[in-house]
Amino acid sequence: MRPKIPADSILRLGDFRQIFLADSISQFGTQILTLALPLVAVVSLDASPLEVGALSAAESLPYLLASVPAGVWADRVRKRPLLLATDVARAALLLWIPIAWWTGLLTAAQLIGVAFVFGLLTVFFEVGYASYVPSLVPRERLIDANTRLQVVQSVAQAAGPGLGGALVQALAAPVAVLVSVGGYLWSAVCVLLVRGREPLPGRADGKPVSWRKDAAEGLRAVLGDVLLRRTSLSTACFNLFWAVGTPMIPVLLARDLGLSAGVIGLLLTFEGIGGLLGGVLAARAARRLGHGPAIWTATLVAGAGFTMVPLVDTGWRLSLVSVGLFVSSAGMVVYNVIVVTFRQSITPDRLLGRVSAFNRLLVWSTLPLGAVLGGLLGQLLGARTTLWIAGLATTLSFLWIYCSPLRTLRDIPEDYVLGGSLTGSAPPGADGSGENASVSGAGGAGEDRTASA
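Keep in mind it's a predicted model, so treat the numbers as computed, not measured. (Residues numbered from 1 in each chain as written. Predicted model: local features only at pLDDT ≥ 70, side-chain atom pairs only at ≥ 80, totals over all residues. Heavy atoms only, no water.)

1. With respect to the overall build of the protein chain
Step number 1: Scanning the protein chain from terminus to terminus reveals 18 helices and zero strands.
Step number 2: For the protein chain, the accessible area works out to roughly 17700 Å², and carbon and sulfur atoms hold 67% of it. (Helix = DSSP H or I, 4+ residues; strand = E, 2+ residues; numbered from the N terminus. Areas by Shrake-Rupley, 256 points an atom, 1.4 Å probe, with all protein chains shown as cover.)

2. Some words on the pattern of salt bridges
Step number 1: Across all of its chains, the model carries one salt bridge by this definition.
Step number 2: The partner of arginine 90 in a salt bridge is aspartate 87, and the shortest N-O contact between them spans 2.9 Å. One end of the pair is arginine 90 and the other is aspartate 87, both in helix α3 (residues 79–94) and three residues apart, which spans about a single turn.
Step number 3: We classify arginine 90 as buried; its relative accessible area is 5%.
Step number 4: By relative accessible area, aspartate 87 is classed as buried at 0%. (Salt bridge = Lys/Arg side-chain N within 4 Å of Asp/Glu carboxyl O. Buried < 20%, exposed > 50% of the residue type's maximum accessible area, 1.4 Å probe, protein only.)

3. Considerations on the nonpolar core
Step number 1: Leu94, Ile97, Ile249, Phe306 and Leu325 are the most contacted members of the largest nonpolar core, which has 60 residues in total.
Step number 2: Per-element tally for this core: the top contributor is helix α1 (residues 14–44), with nine residues.
Step number 3: Setting aside residues up to four positions removed in sequence, isoleucine 249 forms contacts with Leu268, Phe306, Val309, Leu325 and Leu387.
Step number 4: Counting 20 residues, the second-largest nonpolar core is a separate cluster that includes Ile10, Phe16, Ile19 and Val194. (Core = buried A, V, L, I, M, F, W, Y, C linked by side-chain atoms within 4.5 Å. Contact = heavy atoms within 4.5 Å.)

4. Points about the packing of aromatic side chains
Step number 1: Tallied over the entire structure, the rule returns seven aromatic pairs.
Step number 2: Aromatic pair tryptophan 296 and tyrosine 402: ring centres 4.9 Å apart, planes at 85°, arrangement edge-to-face. Taken as a pair, tryptophan 296 in helix α13 (residues 291–306) and tyrosine 402 in helix α18 (residues 399–402) lie far apart in primary sequence, 106 residues in all.
Step number 3: Accessibility expressed as a relative area gives 32% for tyrosine 402, which makes it partly exposed.
Step number 4: A network of ring pairs unites the aromatic residues Phe238, Trp242 and Phe306 as a single cluster.
Step number 5: Directly above the aromatic system of phenylalanine 125 lies the positively charged group of arginine 90, at a separation of 4.4 Å from the ring centroid. (Phe/Tyr/Trp six-rings, centres within 6.5 Å; stacked < 30°, edge-to-face > 60°. Lys NZ or Arg CZ within 6 Å of the ring centre and 35° of its normal.)

5. Description of helix α2 (residues 49–74)
Step number 1: Here α2 contains 26 residues, and its C-alpha end-to-end distance of 36 Å stays within 8% of the 38 Å for a straight helix at 1.5 Å per residue.
Step number 2: Remark: the principal bend of α2, roughly 60°, maps to alanine 66, with a proline, proline 69, within the next four residues. (Expected span 1.5 Å × (residues − 1). Bend = angle between axes of the 7 residues up to and from the residue.)

6. Topic: helix α14 (residues 319–346)
Step number 1: In this model, α14 (28 residues) spans 41 Å end to end at C-alpha, consistent with the 40 Å of a helix rising 1.5 Å per residue.
Step number 2: Burial analysis of α14 places 24 of its 28 residues in the buried class, the great majority of the element.

7. A look at the packing of helix α11 (residues 261–268) against helix α12 (residues 270–289)
Step number 1: Interaxial distance between α11 and α12 falls to 5 Å at its minimum, and their mutual angle equals 15°. Considering their axes alone, α11 and α12 lie roughly parallel with respect to each other. When α11 is examined against α12, the residues Leu266, Leu267 and Leu268 are found in contact with a partner set consisting of Phe270, Glu271 and Gly272.
Step number 2: Tallied by class, residues from the contact of α11 with α12 come to four nonpolar, one polar and one charged. (Axes fitted to C-alpha atoms, helices over the stretch in contact; angles between N-to-C directions. Parallel < 35°, antiparallel > 145°, perpendicular 65-115°, else oblique. Nonpolar A, V, L, I, M, F, W, Y, C, P; charged D, E, K, R; others polar.)

8. Observations concerning the environment of glycine 258
Step number 1: By secondary structure assignment, the location of glycine 258 is in the loop between α10 (248–256) and α11.
Step number 2: Classification of glycine 258 by relative accessible area gives exposed; the value is 57%.
Step number 3: Taking the C-alpha atoms as reference points, glycine 258 and threonine 314, 56 residues apart in sequence, are found 9.6 Å from one another.

9. Overview of a nonpolar patch on the surface
Step number 1: On the surface, Leu95, Trp96, Ile99, Trp101, Trp102, Leu105 and Leu178 cluster together into a nonpolar patch covering about 630 Å² of accessible area.
Step number 2: It is helix α4 (residues 96–102) that provides the largest number of residues to the nonpolar patch, a total of four residues.
Step number 3: Structurally, the position occupied by leucine 105 is in the loop between α4 and α5 (108–132).
Step number 4: On the accessibility criterion, leucine 105 (46% relative accessible area) is partly exposed. (Patch = residues over 30% accessible without salt bridge, like charges linked within 9 Å, V, L, I, M, F, W, Y side chains within 5 Å.)

10. Quick notes on the confidence of the model for the protein chain
Step number 1: Summing up the model confidence of the protein chain, the mean pLDDT is 76 and the portion of residues at 70 or higher is 83%.
Step number 2: Predicted confidence in the protein chain is weakest over helix α6 (residues 142–171), with a mean pLDDT of 71, and strongest over helix α17 (residues 383–396), with 91.
Step number 3: Here residues 1–7 scores under 50 on pLDDT; set against residues more than four positions off or in separate chains, the count is 16 contacts.
Step number 4: Predicted confidence for residues 423–453 stays below pLDDT 50, and this span has 103 contacts to residues more than four positions away or in other chains. (pLDDT = per-residue confidence, 0-100.)

11. Let's talk about the environment of valine 117
Step number 1: Topologically, valine 117 is positioned in helix α5.
Step number 2: In this structure valine 117 comes out as partly exposed when scored by relative accessible area, which is 36%.
Step number 3: Separated by 59 residues in sequence, valine 117 and alanine 58 place their C-alpha atoms 8.3 Å apart.

12. Some thoughts on the side chain of serine 328
Step number 1: Mapped onto the fold, serine 328 is located in helix α14.
Step number 2: We classify serine 328 as buried; its relative accessible area is 0%.
Step number 3: Here serine 328 is in contact with Trp242, Val301, Ala302, Gly305 and Phe306, once residues within four sequence places are set aside.

13. Some thoughts on the packing of α13 against α17
Step number 1: Orientation of α13 relative to α17, taken along the N-to-C sense of each, is 165°, at an axis distance of 7 Å. In terms of axis orientation, α13 runs roughly antiparallel to α17. Taken as a pair, α13 and α17 cross one another with a handedness that is left-handed. Contact residues: Leu300, Gly303, Ala304 and Phe306 in α13; Leu387, Ala390, Gly391, Thr394 and Thr395 in α17.
Step number 2: Within the contact of α13 with α17, the residues separate by chemical class into five nonpolar, four polar and no charged. (Left-handed = near helix turned anticlockwise from the far one by under 90°.)

This is how it looks when you write it as structure tokens:
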């Protein structure tokens, strides 16, 4: 049994602290990369909107192709070597961008290829990471761990774009990628310093199981559970149209409005600040509203915020992109913390990798489709109209959760297991009486983060 620790000292757990430190710096590199890659395409290579959409699709397509193998693999191997190998490989891969640019060899096709391989490595890293964290902290403290990791991501989102924009403006976009390389190397060093011995996963009876049966078990766990299924459908819809809109933001700001990389980075900084607010509010929202209402309300707020982005224009209306992304990010982080903790809490350790992988397959496989669709719509209708379509559609994605048992669900019964039914029994506290339960209790369904994300 994992030791109990004081409520304010989750970082006293040394191995979780190393993972926290690994995440802290690598997230800055990731946020810089998020801005640098499309600007490499738009500014350095003069890519078309369709090529920008293809670049985004290439990075997200591996979630469709590799999530299932990554999940089965993650449940069969030790997680620490997996994280270490993928961090080093991502750093080595990204080195090609500045090298090719310096030598005059960089093309849009190469950039798309690098993004695709980078996405493959990221799938394996994230599936391993999601199934590793619950082994480093007590289950009742998962919401604290997930909140801190989300706050790190939000701080990186707040500072990363501004830093990235300044680096791109001062050094050129391909050179700014070197900062991301350093972030992944830092992450690898911190993972290397994790001391806890991780047992090799395997069946209790020692008998081998085929990959097909392992994969089928993970799929049944996700699709057979009403909570996982509904949150997955909502997030898949949200991610589809988020991916339609996000590639058009730099196109609208850089090409249509003629803004510099530094100004774009400053405007996008507020997305991360909104995430910080979401990290502060997540546990409170779960306690005050209940799990189900907090989840669908956060989704609605995130979509409504994104609908403000296409209102941006010169003058004071430049601030609308910052306000919209601030609100949207706050809603997404509240959603992320509650649903990820929910899923981790009810999933047996031996299924964490596969449940995480199938969940990601369902909700992230819409990203490449959305990116390509966004590129086509941007080419045909323009960046602003495409953003209007994306904003309205993301707002409506909350209906998947609202029209389900999750609409009024305040907490999950303590004996709830994957695939359990909530139909016919009033959820605890549904009548509004009593104190709302904390997410760190015994249950819930979950979801990986909505795409901000």
